[in-house]
Amino acid sequence: MDFLEQQQDNEFLGKWIHGKLTPEELHRFTTSNLYKNLVSSSLSKQDTTNETL
């Protein structure tokens with residue numbers, strides 16, 4: 001990852017954390033594969049945790 005790409009990712013994450021994404025940015029993120037992977041990953045961890053309790 002080059003410096004410019006990393007800087008753009010950091011700016012995006014900062015805006016996301018502080019709730020300052022534009023509707024277009026939010027839509028693009030929630031329909032991305034990265035978001036889908038994050039959601040399915042955390043759901044899988046919850047399923048595993050519930051099964052072990």
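In this text, all values refer to a predicted model and were calculated from it rather than measured experimentally. (Residues numbered from 1 in each chain as written. Predicted model: local features only at pLDDT ≥ 70, side-chain atom pairs only at ≥ 80, totals over all residues. Heavy atoms only, no water.)

J.: When you look at the pattern of salt bridges in this model, what are you seeing that I'm missing?
T.: Charged atoms that come close allow side chains of opposite charge to pair. All told, the structure shown has 2 salt bridges when counted by the stated rule. Here Glu-25 and Lys-15 are joined by a salt bridge, their closest N and O atoms 2.9 Å apart. Within this pair, whereas Glu-25 is found in helix 2 (residues 23–30), its partner Lys-15 is found in helix 1 (residues 3–17), the two being separated by 10 residues in sequence. Accessibility expressed as a relative area gives 19% for Glu-25, which makes it buried. The partner of Glu-24 in a salt bridge is Arg-28, with the nearest N and O atoms 3.2 Å apart. Separated by 4 residues within a single helix, Glu-24 and Arg-28 lie in helix 2, roughly one turn from each other. (Salt bridge = Lys/Arg side-chain N within 4 Å of Asp/Glu carboxyl O. Helix = DSSP H or I, 4+ residues; strand = E, 2+ residues; numbered from the N terminus. Buried < 20%, exposed > 50% of the residue type's maximum accessible area, 1.4 Å probe, protein only.)

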